[in-house]
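# Structural overview
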Amino acid sequence: MIKNVLEHLGFDDKEMAVYLQLLKLGPLRASTIAYQLHLPRTTVQNILIRLEREQMVTKGMERNVYIFAAVHPESLSKIVAMKKRAADTEFDRLGDDLKKVTPELIGMMRSKKVIPNVKFFQGREGVRKVLFDTLTSKTEIKDYANIDAMFQYVRDINDEYVAEREKTNVKKRSLLLDTPFAHQIYESGTYSPKSHAGYKWISSEQYPFSLEMNIYDGKISYITYVEDDFVGVIVKNEHIYHMHESTWRLVWDLLPIPS
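We now examine the pairing of strand S9 (residues 231-236). As defined by bridge partners, strand S3 (residues 117-122) adjoins S9 across six bridges and the pair is classed as antiparallel. Residue pairing across strands places Gln122 opposite Val231, the latter belonging to S9. As paired elements, strand S8 (residues 219-224) and S9 share five bridges and run antiparallel to each other. The residue of S9 that forms the bridge with Ser221 is Ile234. Counted between consecutive antiparallel strands, the loop separating S8 from S9 contains six residues, among which Asp228 sits at a positive phi close to 65 degrees.

Shown next, in the form of structure tokens:
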């Protein structure tokens, strides 16, 4: 146990032997330690210099000769705390420096469009973040949606989202899973009348799904509407976006206009 702890403090085997010898016997000369541990004197002197620099031993004079003593074991905890503060400061500085050079590193990439920017979200709060991200869109939102599942699990979040969308100039067209409940909601004419630019129906028997996909502003987002398994993903990539946007328009053009 002692060896493992001292190793994590940075001691190697020889440094450990020197420190423990001083701890057992009290203040000693470098030459005495070297003799007792059967180590070269220069090796012991170099070890003592490092241990003193790390504040693990102290140095005094006795009859014009340097005498070394181990710090009290309780002081080692203070040394650990000091090292932690120093490391935290160094990592904070590194984090600040990394933020400064990140744009330059991105600029060195062969193509910024090659690697998709992907963000993952979980839980009901993840659903909220993914939905509300669409409100930043400068283009029309095109989506696939299962209204039954959405109303069953996250209606409160969606109502809040729709209320915010109604305050913006963001328009949305939808390909909706065809169910009696979805018909009731949309054919009432009261659900997001300002921001919703139209909808068409997808057969729930032939093409069932339990998620929502939004296609907007160079992004694709997915939300799974499954109890206790809410997962959200936002993908930003020009090529992936155009593929989904094109296939959405293909489906839209092939479907009849609701009567």
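Moving on from the coordinates now.
Where helix H2 (residues 13-25) meets helix H4 (residues 41-53), the axes come as close as 10 Å, and the angle between the chain directions of the two elements is 80 degrees. On the basis of their axis angle, the class for H2 and H4 is roughly perpendicular. Across the interface between the two elements, Lys14, Glu15, Val18, Tyr19 and Leu22 of H2 pack against Thr43, Ile47, Leu48, Arg50 and Leu51 of H4. Of the residues that constitute the contact of H2 with H4, the class distribution is six nonpolar, one polar and three charged.

A cluster of nonpolar side chains, contributed by Leu98, Val101 and Leu105, occupies part of the molecular surface with about 240 Å² of accessible area. As for its placement among the helices and strands, Leu98 is situated in helix H5 (residues 73-107).

Turning to the packing of aromatic side chains, a few remarks are in order. In total, this model carries six aromatic pairs according to the counting rule given. Arranged with centres 5.1 Å apart and planes meeting at 15 degrees, the rings of Trp248 and Trp252 form a pair that is stacked. Separated by four residues within a single helix, Trp248 and Trp252 lie in helix H9 (residues 238-254), roughly one turn from each other. Summarising the burial analysis for this pair, Trp248 and Trp252 share the class buried.

Unoccupied space between atoms shows up once a probe the size of one water molecule is rolled over them. A full pass over the atoms with the stated rule returns one cavity of 30 Å³ or more. Considered as a void within the structure, the largest cavity measures approximately 90 Å³ in volume. Listed by contribution, the elements that provide at least two residues to the lining of the largest cavity are strand S4 (141-145), helix H7 (147-166) and strand S5 (172-178). If one sorts the elements of the lining of the largest cavity by residue count, H7 sits on top with six residues. Residues that form the lining of the largest cavity fall into these classes: eight nonpolar, three polar and four charged.

Turning our eyes to something else, we now look at the confidence of the model for the protein. Of the residues in the protein, 97% reach a pLDDT of 70 or more, and the chain-wide mean stands at 86. When pLDDT is averaged over each helix and strand of the protein, the minimum, 74, is found for helix H1 (residues 2-8) and the maximum, 96, for S4.

With that out of the way, let us pick up the sheet that holds S3. Spatial strand order, S3-S9-S8-S7-S4-S5-S6: seven strands in an open sheet with mixed pairing. The open sheet is flanked by S3 and strand S6 (196-203), the only strands paired with a single partner. Neighbour-to-neighbour, the strand axes of the sheet open up by a mean angle of 15 degrees, direction not taken into account. With three bridges connecting them, S4 and strand S7 (residues 211-216) associate as antiparallel partners. Within S7, the residue paired with Tyr144 across the bridge is Met213. Across the sheet, helix H6 (residues 123-133) touches S3, S7, S8 and S9, and the angle it forms with S3 is around 140 degrees.

Here is what the cut-offs are and how they apply
- Residues numbered from 1 in each chain as written.
- Predicted model: local features only at pLDDT ≥ 70, side-chain atom pairs only at ≥ 80, totals over all residues.
- Heavy atoms only, no water.
- Pairing = 2+ DSSP bridges.
- Helix = DSSP H or I, 4+ residues; strand = E, 2+ residues; numbered from the N terminus.
- Axes fitted to C-alpha atoms, helices over the stretch in contact; angles between N-to-C directions.
- Parallel < 35°, antiparallel > 145°, perpendicular 65-115°, else oblique.
- Contact = heavy atoms within 4.5 Å.
- Nonpolar A, V, L, I, M, F, W, Y, C, P; charged D, E, K, R; others polar.
- Patch = residues over 30% accessible without salt bridge, like charges linked within 9 Å, V, L, I, M, F, W, Y side chains within 5 Å.
- Areas by Shrake-Rupley, 256 points an atom, 1.4 Å probe, with all protein chains shown as cover.
- Salt bridge = Lys/Arg side-chain N within 4 Å of Asp/Glu carboxyl O.
- Phe/Tyr/Trp six-rings, centres within 6.5 Å; stacked < 30°, edge-to-face > 60°.
- Buried < 20%, exposed > 50% of the residue type's maximum accessible area, 1.4 Å probe, protein only.
- 1 Å grid on protein atoms, 1.4 Å probe; cavity = no way out; pocket = protein on both sides within 12 Å on 5 of 7 lines; lining within 4 Å.
- Points joined across faces, edges and corners; volume = space filled by probe spheres on them.
- pLDDT = per-residue confidence, 0-100.

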